[in-house]
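Examining the three-dimensional arrangement
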Amino acid sequence: MPEKVLIPVGRHTPEPEAKRLEQGGSSLAEQQGERRYNIDLLRAEKDADGLVEALGSGNGLTRQRAALALGDLGGPGAVEPLIRALGDPMTAVREAAADSLTMLGSAAVGPLVELLESPEASGRYEEPGAPGGAATVIGPGGRTWEVETRREIRRVYAAAILGEVGDPDAVQPLVRALGDASDDLRCQASGALAKLGNEVIGPLTEVLTGSDPEQRIVAAGVLGDTGDPAVVEPLINLLRDGNPDVRGAAGGALFRIGDAAVEPLIAATKDADRNVRLYAAGALKYIGNPRAIDALKDLARSGDAEEKSVAEDAMEKIRMVRGKAAPEPSAPTSR
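The structure displayed is predicted, hence computed values, not measured ones.

This paragraph deals with the overall build of the protein chain. A count of helical and extended segments in the protein chain gives 18 helices and two strands. A fraction of 66% describes how many contacts in the protein chain between residues 6 or more apart in sequence connect residues 24 or more apart. If you sum the accessible surface of the protein chain, you get close to 15,000 Å²; carbon and sulfur atoms cover 48% of it.

Written as structure tokens, this is what we have:
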């Protein structure tokens, strides 16, 4: 499966694509005798209708510049044309449309949420005879992956844009998107939720008790990224999960919360559940706070062979990093 990366929303064009936009697009326009658009003039005259028309140009650079200009002009009338442009064959045009929709803010939230909630909604933005098939998305560092259809790519971009807009109305739809059939949309929704701050805590805490382990893993990761002490207890409860990957995700999330999780984790080293004790010791190891030493000594004395090993390893690491930040670990385990 292609690597999952988050769509970057920003006003930039990868150099190879910029050349294709300028060279390939303009030659196509010349061959077809197509109307040329003066985007600078249309922008200066605040001619939104003219810019929308330019989005249909056969010249990729014209479409990109028109999409950017529509974001600068603003207005709810630009939302539908820009969402249509999220399915453009050119990555740079899609990114320009995404960036402009972000600038439009709350005016774009409702239609973008509809895309998340209804896979069929994207089809309404298709032009008659528009090409189908896979679309390649370029992510950070030039990495690429393919989204199955151009209709689907609008939904993936919608999640990314909602994360940038930061509207609270997007929280619940993004949480529901964690259960979508599209791997790409689930990945993008998790990244978007991580940008929405404490608004996500309540809805994602409920996900921790759901039946889908993949959703529990994602929810734990996002909750850990909030750094909020309120999520510590739900994450410690998740250390009792029957799925080892879920327990590992909870342990990693607790490590990222840091010192705010130390006292609850110290208490968890005495929990009746062995998994909780093991993962609590592992999280304390990576947090590196010396307040945990006494509890880890107790665990090493009272626990079985694995608990003793984990506790001693944790104490050694804490002593090594005392007075310094602990290095970031690899994927967390009970060790």
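Now that the structure has been shown, we can carry on.
For the rest of this paragraph, the subject is helix α14 (residues 244-257). Here α14 is 14 residues long and its end C-alpha atoms lie 20 Å apart, about the 20 Å a rise of 1.5 Å per residue gives. Counting buried positions along α14 yields 11 of 14 residues, so the element is predominantly enclosed. Buried within α14 we find Val246, Arg247, Gly248, Ala249, Ala250, Gly251, Gly252, Ala253, Leu254, Phe255 and Ile257. Against the buried residues of α14 lie α12 (213-226), α13 (232-238), α15 (262-268) and α16 (274-287). The N-cap residue of α14 is Asn243: its side-chain oxygen and the backbone nitrogen of Asp245 are 2.8 Å apart. In the stretch just after α14, Gly258 is the one whose phi turns positive, near 80°.

Below, the discussion takes up the pattern of salt bridges. Applying the stated criterion across every chain, the model contains 19 salt bridges. Two residues, Arg65 and Asp40, come together in a salt bridge whose shortest N-O distance is 2.5 Å. Taken together, the residues span a long stretch of sequence, with Arg65 in helix α4 (residues 60-73) and Asp40 in helix α2 (residues 39-44) at a distance of 25 residues. The partly exposed category is assigned to Asp40, whose relative accessible area is 48%. A salt bridge links Glu306 to Arg274; the shortest N-O distance between them is 2.6 Å. With a gap of 32 residues between them, Glu306 in helix α18 (residues 305-321) and Arg274 in helix α16 connect regions that are remote in the sequence. A residue is classified by how much of its surface remains accessible, and Glu306, at 31% relative accessible area, is partly exposed. The class for Arg274 is partly exposed, based on a relative accessible area of 32%.

Okay, the packing of helix α17 (residues 293-302) against α18 next. α18 packs onto α17 with a crossing angle of 155° between their chain directions and a minimal axis gap of 8 Å. By the angle class used here, α17 and α18 are roughly antiparallel. α18 is crossed by α17, and the crossing has left-handed handedness. Between α17, through Ile293, Leu296, Lys297, Leu299 and Ala300, and α18, the contact on the second element is made entirely by Glu307, Lys308, Ala311, Glu312, Ala314, Met315, Ile318 and Arg319.

In this fold, Glu117 is placed in helix α7 (residues 106-117). With a relative accessible area of 38%, Glu117 lands in the partly exposed category. As a C-alpha pair, Glu117 and Arg176 span 59 residues in sequence and 8.1 Å in three-dimensional space. Glu117 has contacts with Pro173 and Arg176, leaving out every residue within four places of it along the chain. Within the structure, the side chain of Glu117 is placed 2.5 Å from the side chain of Arg176, a separation counted as a polar contact.

Rules used throughout
Residues numbered from 1 in each chain as written. Predicted model: local features only at pLDDT ≥ 70, side-chain atom pairs only at ≥ 80, totals over all residues. Heavy atoms only, no water. Helix = DSSP H or I, 4+ residues; strand = E, 2+ residues; numbered from the N terminus. Contact = heavy atoms within 4.5 Å. Areas by Shrake-Rupley, 256 points an atom, 1.4 Å probe, with all protein chains shown as cover. Expected span 1.5 Å × (residues − 1). Buried < 20%, exposed > 50% of the residue type's maximum accessible area, 1.4 Å probe, protein only. Polar contact = N/O pair within 3.5 Å; in protein donor to acceptor, adjacent residues only side chain to side chain. Salt bridge = Lys/Arg side-chain N within 4 Å of Asp/Glu carboxyl O. Axes fitted to C-alpha atoms, helices over the stretch in contact; angles between N-to-C directions. Parallel < 35°, antiparallel > 145°, perpendicular 65-115°, else oblique. Left-handed = near helix turned anticlockwise from the far one by under 90°.

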